[in-house]
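Structural description and commentary
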Amino acid sequence: MKSTDFKKIIKEAVREAIQEELKDILLEAVRTPKTIVKESFSPGQPPLNPPSYAPPSIDFRSKYAEVLGETALNFTSQDAQPSFRPQSSDPVNGNLGTGELGMDQIMSLLNTK
């Protein structure tokens, strides 16, 4: 049997199966009892129960601004360590660069905790 004949047989079988399923679905839809739903909505009418919304009694914007004002920090370039000079490093070959780190910087790091 050629592949084209085989494809035709498969297509026909699939088509028949789909038609049977659709027929069953349509028959089930026709046989089920019908309930009529009457909607009373017109675009010009307001809804029967409008949602009630009351704005919060707390002014969240001012409270948030107060929190930010208490914790805000102002950094300038004077706060940066002036002796830091980044250099190229190659950790694969073992060259981490020649770091110049003063003893005062080490002690300031140790004293921060």
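Fair warning: this is a prediction, and the values are worked out from it, not measured in the lab.

Time to look at the overall build of the protein chain. Looking only at helices and strands, the protein chain features three helices and zero strands. Counting from the amino terminus, helix and strand elements in the protein chain follow one another as α-α-α. By residue count, 1% of the 113 residues in the protein chain fall in the buried class. On the protein chain, roughly 11800 Å² of surface is accessible, and the fraction owed to carbon and sulfur atoms is 60%.

A grouping of M1, F6, I9, I10, V14, I18, L22 and I25 is seen on the molecular surface, where their side chains present a nonpolar patch of about 830 Å² in accessible area. Within the fold, F6 resides in helix 1 (residues 3-31). Classification of F6 by relative accessible area gives partly exposed; the value is 48%.

A surface patch of negative charge is lined by E16, E20, E21, D24 and E28. Relative to the helices and strands, E21 is located in helix 1.

So, on to the confidence of the model for the protein chain. Confidence along the protein chain averages 77 in pLDDT terms, with 69% of residues attaining 70 or more. In the model of the protein chain, helix 2 (residues 60-71) stands out as the element of lowest mean pLDDT, 77, in contrast to helix 1, which has the highest, 92.

What counts as what
Residues numbered from 1 in each chain as written. Predicted model: local features only at pLDDT ≥ 70, side-chain atom pairs only at ≥ 80, totals over all residues. Heavy atoms only, no water. Helix = DSSP H or I, 4+ residues; strand = E, 2+ residues; numbered from the N terminus. Buried < 20%, exposed > 50% of the residue type's maximum accessible area, 1.4 Å probe, protein only. Areas by Shrake-Rupley, 256 points an atom, 1.4 Å probe, with all protein chains shown as cover. Patch = residues over 30% accessible without salt bridge, like charges linked within 9 Å, V, L, I, M, F, W, Y side chains within 5 Å. Salt bridge = Lys/Arg side-chain N within 4 Å of Asp/Glu carboxyl O. Lys, Arg positive; Asp, Glu negative; His and termini not counted. Charge placed at Lys NZ, Arg CZ, Asp CG, Glu CD. pLDDT = per-residue confidence, 0-100.

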